[in-house]
Amino acid sequence: MRRSLDRRSLTVLGPRLLALAAFLARRHGRTAVELLLKHGRAWLSDPSNDAKRTALVGQLRGWSERAGDTAGATASRLAAEIEKRRPSVSGWERELMALRYEIVDLSPGPVREAALEAYEAQAWAGPSLLLGPARGAKTRRKVLTALAAEADMLRTERLSHEERRRATEAVEGAQAACYKRPGELPAGK
C-alpha cells in the first residue's frame, strides 16, 4: 500500500536526492551520477508515474550497493521512501519550496543547475496532481494558490536573471496547465 507524501514530513526529499547526487558526483565523477539525476528529474516532474518511480528506485538501489557506507544507506532509504509514496498537494508544495531554498543556498555550478532543473520539474508536476478520482476544484485551488505563492517568492529570491526567468516560466506554465482539461494536462515538462 502506498502512502501519501504528506503522511510523513518529506519536505527535503528533492534536496536530499540532490545532495546525494552531489556527494556521489564528488566521489565518482559527474558522469557517473548523470543517470541518477536524469531519473530524479523525471520522477520529480511526474511523481505519480510508476515507470519513472521504478527507474529512480532502481538507480538508487544500484548506488546503495556500489557506494556502500553512509551514501549507500542514504540511497537505500531514499529508494524505500520513494517506492512507497504517492504525491499529495501539500507534499508537492513543500518539495517545491524546499527546492527553491536549495537553489539559493548553492554556489553557481552544475549542482545549482541540477537544483534549478529539479525545481522546474517539480513546478510542472503540479498540474498532474489534478488527475485522479478525488481531484476536483479544491485541489485545483490548492495547486494554483501554491504556484501563485511561488511566483511571488521568485521575485525576491537571490537568483540570477536567467535562473529567475526559467523558474518563473516553469511556474507560469504550470499555472496555465492547471486550466486545461484532464486529457490535456501535461505529466510534467
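The structure under discussion appears in the preceding block.
Keep in mind that what you see is a predicted model, and the values were worked out from it rather than measured. (Residues numbered from 1 in each chain as written. Predicted model: local features only at pLDDT ≥ 70, side-chain atom pairs only at ≥ 80, totals over all residues. Heavy atoms only, no water.)

Caption draft 1: Spatial organisation of the overall build of the protein. In terms of helices and strands, the protein carries eight helices and two strands. Sequence-ordered secondary structure for the protein, helices as α and strands as β, is β-α-α-α-α-β-α-α-α-α. Here the protein holds 189 residues, and the buried ones make up 48% of them. Long-range contacts, defined as pairs at least 24 residues apart, comprise 73% of the intrachain contacts of the protein with a sequence gap of at least 6. (Helix = DSSP H or I, 4+ residues; strand = E, 2+ residues; numbered from the N terminus. Buried < 20%, exposed > 50% of the residue type's maximum accessible area, 1.4 Å probe, protein only. Contact = heavy atoms within 4.5 Å.)

Caption draft 2: Spotlight on the pattern of salt bridges. Enumeration according to the criterion identifies nine salt bridges in this entry. The partner of Glu157 in a salt bridge is Arg100, with the nearest N and O atoms 2.7 Å apart. With a gap of 57 residues between them, Glu157 in the loop between helix 7 (137-154) and helix 8 (161-177) and Arg100 in helix 5 (residues 89-105) connect regions that are remote in the sequence. Neither residue differs from the other here; Glu157 and Arg100 are each classed as buried. The salt bridge partner of Asp105 is Arg158, with a shortest N-O separation of 4.0 Å. Remark: Arg158 occurs in the loop between helix 7 and helix 8 and Asp105 occurs in helix 5; sequence separation between them is 53 residues. We note that Asp105, like Arg158, is exposed. (Salt bridge = Lys/Arg side-chain N within 4 Å of Asp/Glu carboxyl O.)

Caption draft 3: A look at the nonpolar core. Formed by 50 residues in total, the largest nonpolar core has its most connected members in Leu24, Leu36, Leu60, Trp92, Tyr119, Val143 and Leu147. Listed by contribution, the elements that provide at least two residues to this core are helix 1 (13-28), helix 2 (30-45), helix 3 (50-67), helix 4 (69-83), helix 5, helix 6 (110-125), helix 7 and helix 8. In terms of residues, this core owes the most to one element, helix 6, which gives nine residues. Excluding residues that lie within four positions of it along the chain, Tyr119 makes contacts with Leu96, Leu99, Arg100, Ile103, Glu150, Leu154, Ala167 and Val171. (Core = buried A, V, L, I, M, F, W, Y, C linked by side-chain atoms within 4.5 Å.)

Caption draft 4: View of the packing of aromatic side chains. By the definition in use, this model includes zero aromatic pairs. One Lys or Arg, Arg66, reaches over the ring of Trp63 and ends 4.3 Å from the middle of that ring. (Phe/Tyr/Trp six-rings, centres within 6.5 Å; stacked < 30°, edge-to-face > 60°. Lys NZ or Arg CZ within 6 Å of the ring centre and 35° of its normal.)

Caption draft 5: Region of interest: the packing of helix 7 against helix 8. Running from N to C, helix 7 and helix 8 point in directions that differ by 160°, and their axes come no closer than 10 Å. What the angle tells us is that helix 7 and helix 8 run roughly antiparallel. Where helix 7 crosses over helix 8, the handedness of that crossing is left-handed. Contact with helix 7, carried on its side by Leu144, Leu147, Ala148, Glu150, Ala151 and Leu154, involves Arg164, Ala167, Thr168, Val171, Ala174 and Gln175 of helix 8 and no other residues of that element. (Axes fitted to C-alpha atoms, helices over the stretch in contact; angles between N-to-C directions. Parallel < 35°, antiparallel > 145°, perpendicular 65-115°, else oblique. Left-handed = near helix turned anticlockwise from the far one by under 90°.)

Caption draft 6: Main features of helix 8. Helix length check: helix 8 (17 residues) gives 24 Å between terminal C-alpha atoms against 24 Å at 1.5 Å per residue, within 8%. Restricting attention to buried positions, one finds in helix 8 the residues Glu163, Arg166, Ala167, Ala170, Val171, Gly173, Ala174, Gln175 and Ala177. Considering only its buried residues, helix 8 is in contact with helix 6 and helix 7. (Expected span 1.5 Å × (residues − 1).)

Caption draft 7: Local environment of the packing of helix 5 against helix 6. Where helix 5 contacts helix 6, the axes come no closer than 9 Å and their chain directions differ by 160°. With respect to helix 6, the axis of helix 5 lies roughly antiparallel. Crossing geometry of helix 5 relative to helix 6 is assigned as left-handed. Side by side, helix 5 and helix 6 meet where Trp92, Glu95, Leu96, Leu99, Arg100, Ile103 and Val104 of the first sit next to Arg112, Ala115, Leu116, Ala118, Tyr119, Gln122, Ala123 and Ala125 of the second. Per-class residue counts for the contact of helix 5 with helix 6 are 11 nonpolar, one polar and three charged. (Nonpolar A, V, L, I, M, F, W, Y, C, P; charged D, E, K, R; others polar.)

Caption draft 8: Up close: the side chain of Glu150. Along the polypeptide, Glu150 turns up in helix 7. When its relative accessible area of 2% is taken as the criterion, Glu150 is described as buried. Only 2.8 Å separates the side chain of Glu150 from the side chain of Arg100, close enough to count as a polar contact. Those residues within four positions of Glu150 in sequence are excluded, and the remaining contacts are Leu96, Met97, Arg100, Tyr119 and Val171. (Polar contact = N/O pair within 3.5 Å; in protein donor to acceptor, adjacent residues only side chain to side chain.)

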